[in-house]
Amino acid sequence: MACGMQQLTWRGLDWGFCQLFIQMTLLLSLLCPPTEPVSWDNDSSGSPVEDCGGLRADVCGVCAGDGSSCELFSGTRFLSGLSVGYHKFLDIPSGAQRIKIRETQKTSNYLALKTANGEFVINGNWVIDRPGDFYAAGTKLTYKRPNEISSRAGESITAPGPTNQELHLFVIYQQPNPTVYYEYILPRVHIIDVYSDTYSYSSELPLESHELFPGPEISTDENSMSSPHPNQVPLDPVTSKPLPLYSWVAMTTTSCSVSCGTGIRQVLFRCEEKATQTTVPDDLCTHAHHPGPRIEGCQLQPCPAFWDVGEWSECSKTCGPGYQHRQVICRQTQGHRGNSTVVVPTSFCDVTDMPETTTVCQLKICSEWQIRSEWTECSVPCGVGQRSREVVCVDNLGDVVLDEECNMALRPQDLQNCDKGVCASSWFYSLWSDRCSADCGEGSRSRLVVCMMSQTNSLPLDNCKEEDKPDKLMPCDLGPCTQRVEWYTGPWGQCSSECGNGTQDRGVVCVLQNNDQLEVTSDDSCSHLPRPPSAQICNLKSCSAQWYMTDWSSCSRSCDGGFRVREVRCLQEDLTFSQDCDPLLEPAKQEECNTQTCTPQIDDSCRDMYYNCVVVVQARLCVYSYYRTTCCASCSRVAQKDTPHRIR
């Protein structure tokens, strides 16, 4: 029946009660018309409202809210003095929403994200992921890396949340002084009393009598009021309001969200009949406001302290044994939901052994020097010489590498002096040449003379006695020179250009030699001999940029001053345009010409035939051929005066 009222039977009821029941039924039909069930799902812990219908959402995502339903955490981390590698800078607790992490400016560093169970989600294990969407901790994480050329924005990671586990933010440090901004919200926790009347909401029946069907059978005397019918709902004697039939009552709670420390748990409600305190179907409490999911705090034993271990530093040596260090801190989980930790004395963590803060490391075996050969023979059979051997730098794989990868201070010698004792030296000479240096007259023949050891040696020495040195030349005579002609050349002259290609000349003459006499003769006498060149190309140095110009143009006037022009360009040695010429040395591009006064030519046949030709000129009738003929002199003078103006 309407308003959740149970169906009553009519058997055994007197007429007065039946009449009262009819009145109540009609009244309830007016006050409680059939409607659709009202939704009571007003859980404020869900996702933020996306469509506010024109209203402004607060920082918690609540339309027209005042920001009191959540707590905002934000800040900027300035990181400096770090070594290259992964460095954690922020822990985001479980349940966080509206997460925003971004670099304040573009750098060569990278953001990285790891879950609480130690698995990397973004940019883990030195592998840089492509920008995009990643799914972890119960939410979607969006990783963005702006364009490296056109954008100055840094990297960013965003997520709507809520997260179901703690997240750890890292920076892959490569460039000094990265700065990272972070922001996220956590819903505020309301501590409630599960036994408070706040959660006892009732669905009351309005049972005041409105006398819709008055009748004599209805008793209104004092006795009838004090003895109600057994099936009649009694009225509140104080407020005259009916007692609630059904209400929402806190039934139980869920398990605490944490196993230690301070956590939260959810209060669960049931629909209960007030009179019997028994559970009834939820639809009987439809018209009472459902409290909805409510959260209360739960306090368990304090969480045990634990060792917070940082990342290992880089190895102190690039090769061979070195050391790595890391930070180990004793921490304890505190705060609501266990979403924050504090540093505590190391004695709190004595139940477990402290992890090592220093360890031995070796990235690779260092390269070493290796001698590949024995010493060679001394470079000289006597005296002081040198000998050598092969020394190379070898890595741990046996490959030859650059010497810089080995310790240069420990490099074995690969070159040293050797002394073979005092050398016995002598003059050695070759045979005389077969040809005389002159075709006629006196000349000479030559041979080579060197100082060498008596033993086999290819190196010349300088410790032989000069007075014992054999002659290098001996005279020869092929007879007197008679009627002999040959070309004689003079020295080369100066180059025609100070820079770039030029030419230089020399004199070439045909000479007749008769014994000791030389006589210049005609070139025809030496025509049977190849003539030496009298000119050659020369180049003293490369030319820098210089000015080039064309010839002057014709003068614009033949007299009374005109002008002429030419083109001037600055060119490199390869004749390409340049801007390197000295502007103070730029040749003029325009100059005056034909500055002499124009002398009119007198034509005896050109004269005025009438005395009033002045009037013809004033009337500007010289444009007609008749007047130009009859007043030739006057019209000619006017034409000569107008010509300079037209030219200018």
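The structure displayed is predicted, hence computed values, not measured ones. (Residues numbered from 1 in each chain as written. Predicted model: local features only at pLDDT ≥ 70, side-chain atom pairs only at ≥ 80, totals over all residues. Heavy atoms only, no water.)

K.L.:
How would you sum up the nonpolar core? Please name residues and give values.
P.N.:
Among the nonpolar cores identified, the biggest contains 25 residues, and Phe89, Ile92, Ile101, Leu141, Ile157 and Leu169 are the most heavily contacted of them. The leading source of residues in this core is strand β10 (residues 179-187), at four residues. What leucine 169 contacts, discounting residues up to four positions off in sequence, is His87, Lys88, Phe89, Leu90, Ile92, Ile101, Ala112, Leu113 and Ile157. Counting residues in hydrophobic clusters, the runner-up holds eight residues, among them Val267, Phe269, Cys271 and Ala288. (Core = buried A, V, L, I, M, F, W, Y, C linked by side-chain atoms within 4.5 Å. Buried < 20%, exposed > 50% of the residue type's maximum accessible area, 1.4 Å probe, protein only. Helix = DSSP H or I, 4+ residues; strand = E, 2+ residues; numbered from the N terminus. Contact = heavy atoms within 4.5 Å.)

K.L.:
Now, about the state of the cysteines: what can you tell me, with residues and values included?
P.N.:
Going through the model one piece at a time under the given rule, you end up with 17 disulfides. At a sulfur-sulfur separation of 1.7 Å, the disulfide partner of cysteine 510 is cysteine 526. When the S-S torsion is 75 degrees, as for the bridge of cysteine 510 with cysteine 526, the disulfide is right-handed. Of this pair, cysteine 510 sits in strand β32 (residues 508-514) while cysteine 526 sits in the loop between β33 (517-521) and β34 (535-539), and the two are 16 residues apart along the sequence. Judged by relative accessible area, cysteine 526 falls into the buried class, the value being 0%. Paired through a disulfide, cysteine 606 and cysteine 632 show a sulfur-sulfur distance of 1.7 Å. Sign of the S-S torsion, about -105 degrees for the bond between cysteine 606 and cysteine 632, identifies this disulfide as left-handed. With a gap of 26 residues between them, cysteine 606 in the loop between β38 (590-593) and α3 (613-618) and cysteine 632 in helix α5 (residues 632-647) connect regions that are remote in the sequence. (Disulfide = S-S within 2.5 Å.)

K.L.:
Would you mind going over the sheet that holds strand β2 (residues 85-92) in detail, with residue names and values included?
P.N.:
The four strands are arranged β2-β9-β4-β5 in an open sheet whose pairing can be described as antiparallel. Looking at which strands have only one partner, the edges of the open sheet turn out to be β2 and β5 (120-122). Averaged over all adjacent pairs, the angle separating strand axes in this sheet is 35 degrees, with direction ignored. Relative to β5, strand β4 (residues 110-115) is paired through two bridges, and the arrangement is antiparallel. Following the sheet pairing, lysine 114 is matched in β5 by phenylalanine 120. (Pairing = 2+ DSSP bridges. Axes fitted to C-alpha atoms, helices over the stretch in contact; angles between N-to-C directions.)

K.L.:
Talk me through the pairing of strand β3 (residues 97-103); I want residue IDs and the actual numbers.
P.N.:
One ladder, built from five bridges, connects β3 with β10; its direction is antiparallel. Paired with glutamine 97 across the two strands is isoleucine 185, which belongs to β10. Sheet topology note: the β3/strand β8 (residues 156-159) ladder contains four bridges and is antiparallel. What sits directly across from arginine 102, in β8, is serine 156.

K.L.:
Could you give an account of unusual backbone geometry, with specific residues and numbers?
P.N.:
Leaving glycine out, the prevailing phi sign among residues is negative, and the prevailing peptide bond configuration is trans. Cis peptide bonds are those with omega within 30 degrees of zero, and the linkage from glycine 161 to proline 162 qualifies with -5 degrees. One can find proline 162 in the loop between β8 and β9 (167-173). Unlike most non-glycine residues, asparagine 177 shows phi in positive territory, near 60 degrees. With relative accessibility at 48%, the residue asparagine 177 sits in the partly exposed group. Positive phi, normally seen in glycine, also occurs at leucine 575, with a value near 65 degrees. Look at leucine 575 and you get exposed, because its relative accessible area is 55%.

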